[in-house]
Amino acid sequence: MTLPISLSNSIDTPEQLAQVERRARRFWVSLIVGFLSIQVLIGFGSIYLALGDPSVAIIPNYHQSALDWDIKHRAQQLLDELGWQVNAAVTPVEAEHRTIGIRVAGKSGRPVEQLHIESKVFHHARGQEIYASTLTEIEPGLYTMPVALTRPGLWQIDLAIEGNHGIARKTIEIEVE
């Protein structure tokens, strides 16, 4: 017993064969061009983020910091050798800024006076937005500076403490709410 086979979708003429072939060619060419276009768009998006978005840079001046690692490490060890304690505190927001207070105490807990302290403050999510300032001594051992710490999150304070001892460096991370 033989079953009848229906060839309703059969290609009968060369014109129909050419039309089916053109459709298949358009489909595959469009698919390949579409995939390549998506890859190019992803590449341009990556370049835009790397160059234009301030949240991409996590550590400012990373390359130079890596080159100067020995100098920075010795400057950080100087505070340990001197036995100084450096602590930071942040006031609540007042008129779109906060005040950062840095207290420097010696081995015996006595305040260390007449220091020249430079600071660089940045949010970990916005490493390219650096607030640089010189702290002023408002009382013995207490140095302050106003800064725009309105964004909550993790902030880093890089201090360069200069005095008769030389230049010491300290990095402090604070959580701002």
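Refer to the preceding data block for the structure.
Residues numbered from 1 in each chain as written. Predicted model: local features only at pLDDT ≥ 70, side-chain atom pairs only at ≥ 80, totals over all residues. Heavy atoms only, no water.

Notes on the sheet that holds strand 5 (residues 136-139)
Sheets are built from strands that pair by backbone hydrogen bonding, the pairs being arranged parallel or antiparallel. Put simply, the rule reads: Here a strand pair is declared whenever DSSP counts at least two bridges between the two strands. Helix and strand assignments follow DSSP, with helices taken as H or I runs no shorter than four residues and strands as E runs no shorter than two, numbered in order from the N terminus. Between N-to-C directions, angles cover 0 to 180 degrees, with each direction set by a line fitted to C-alpha atoms, over the stretch in contact for helices.
What the four strands build is an open sheet, ordered 1-2-6-5; its pairing is antiparallel. Each edge of the sheet is formed by a strand with only one pairing partner; in this case those strands are strand 1 (85-90) and strand 5. The sheet shows a mean angle of 30 degrees between the axes of neighbouring strands, taken without regard to direction.

Overview of the pairing of strand 6 (residues 142-147)
The criterion, for reference: Only protein chains enter the accessibility calculation, which uses a 1.4 Å probe. A residue is then buried if its area is under 20% of the maximum for its type, exposed if over 50%, and partly exposed in between.
In terms of burial, strand 6 is a largely internal element, five of the six residues being buried. Bridging between strand 5 and strand 6 involves three bridges; their strand directions are antiparallel. In the sheet register, Thr136 faces strand 6, and the bridge partner there is Thr144. Following strand 5, the chain reverses through two residues before pairing antiparallel with strand 6; Gly141 in that reversal takes a positive phi of roughly 80 degrees.

A short note on the packing of aromatic side chains
Stated formally: For Phe, Tyr and Trp, rings pair up if their centres lie within 6.5 Å, where Trp contributes its six-membered ring, and each pair is then called stacked (planes under 30 degrees apart), edge-to-face (over 60) or tilted (otherwise).
Going through the model one piece at a time under the given rule, you end up with two aromatic pairs. Ring plane angle 80 degrees and centroid distance 5.0 Å describe the contact between Phe27 and Trp28, whose orientation is recorded as edge-to-face. Since its relative accessible area comes to 48%, Phe27 is described here as partly exposed. Under the relative-accessibility criterion, Trp28 is labelled exposed at 51%. Their ring planes at 35 degrees and their centres at 6.2 Å tell us that Tyr131 and Trp155 sit as a pair that is tilted.

So, the sheet that holds strand 8 (residues 166-176)
Taken in spatial order, the four strands make up an open sheet running 4-3-7-8, and their pairing is antiparallel. The sheet is open, and its two edges are formed by strand 4 (126-134) and strand 8, each paired on a single side. Here the average twist between neighbouring strands, direction ignored, is 20 degrees. Two strands pair when backbone bridges link them, and strand 3 (residues 116-123) and strand 7 (residues 153-163) are joined in this way by eight bridges, in the antiparallel orientation. Note that in strand 7 the partner of His123 across the bridge is Trp155.

Details of the pattern of salt bridges
Cut-off, in case you're wondering: Salt bridges, as used here, are contacts in which a Lys or Arg side-chain nitrogen is within 4 Å of a carboxyl oxygen on Asp or Glu.
For the structure on display, the rule yields two salt bridges. Put simply, Arg25 and Glu21 hold a salt bridge, and the shortest N to O gap is 3.2 Å. Placement of both Arg25 and Glu21 in helix 1 (residues 14-52) is noted, with a separation of four residues, approximately one turn of the helix. Residue Glu21 is classed as partly exposed on the basis of its relative accessible area of 44%. The partner of Glu139 in a salt bridge is Arg103, and the shortest N-O contact between them spans 3.7 Å. Of the two residues, Glu139 sits in strand 5 while Arg103 sits in strand 2 (residues 98-105), which places them 36 residues apart along the sequence.

Describing the layout of surface pockets
Which entries qualify depends on this criterion: Each cavity reported here is a set of points on a 1 Å grid over the protein atoms alone in which a 1.4 Å probe fits but cannot get out, each pocket an open set with protein on both sides within 12 Å along at least five of seven lines, and each lining residue one with an atom within 4 Å of a point. Grid points are joined across faces, edges and corners, and a volume is the space filled by probe spheres set on the points. For this classification, Asp, Glu, Lys and Arg are treated as charged, while Ala, Val, Leu, Ile, Met, Phe, Trp, Tyr, Cys and Pro are nonpolar and the rest, including Gly, are polar.
Taken as a whole, the largest pocket holds about 630 Å³ of empty space. Ser65, Lys72, Lys120, Asp158 and Arg169 are, among the 22 residues lining the largest pocket, the residues nearest its centre. Secondary-structure elements contributing two or more residues to the lining of the largest pocket are helix 2 (62-67), helix 3 (69-82), strand 3, strand 4, strand 7 and strand 8. In terms of residue class, the lining of the largest pocket is made up of nine nonpolar, six polar and seven charged.

A few points about the pairing of strand 4
Relative to strand 4, strand 3 is paired through five bridges, and the arrangement is antiparallel. Residue pairing in the sheet places His123 in a bridge with Arg126 of strand 4. Connecting strand 3 to the next strand, strand 4, in antiparallel fashion are two residues.

Comments concerning a nonpolar patch on the surface
The following threshold applies: Patch definition: residues above 30% relative accessible area lacking any salt bridge, with like charges linked at up to 9 Å and the nonpolar side chains Val, Leu, Ile, Met, Phe, Trp and Tyr linked at up to 5 Å. Surface exposure here means Shrake-Rupley accessible area, sampled with a 1.4 Å probe, where a residue is shielded only by the protein chains that are shown.
A cluster of nonpolar side chains, namely Phe27, Trp28, Leu31, Phe35, Ile38 and Ile42, defines an oily patch on the protein surface of about 660 Å² accessible area. Within the element layout of this structure, Phe27 appears in helix 1.

Remember that the coordinates give geometry; whether it matters functionally is a separate question.
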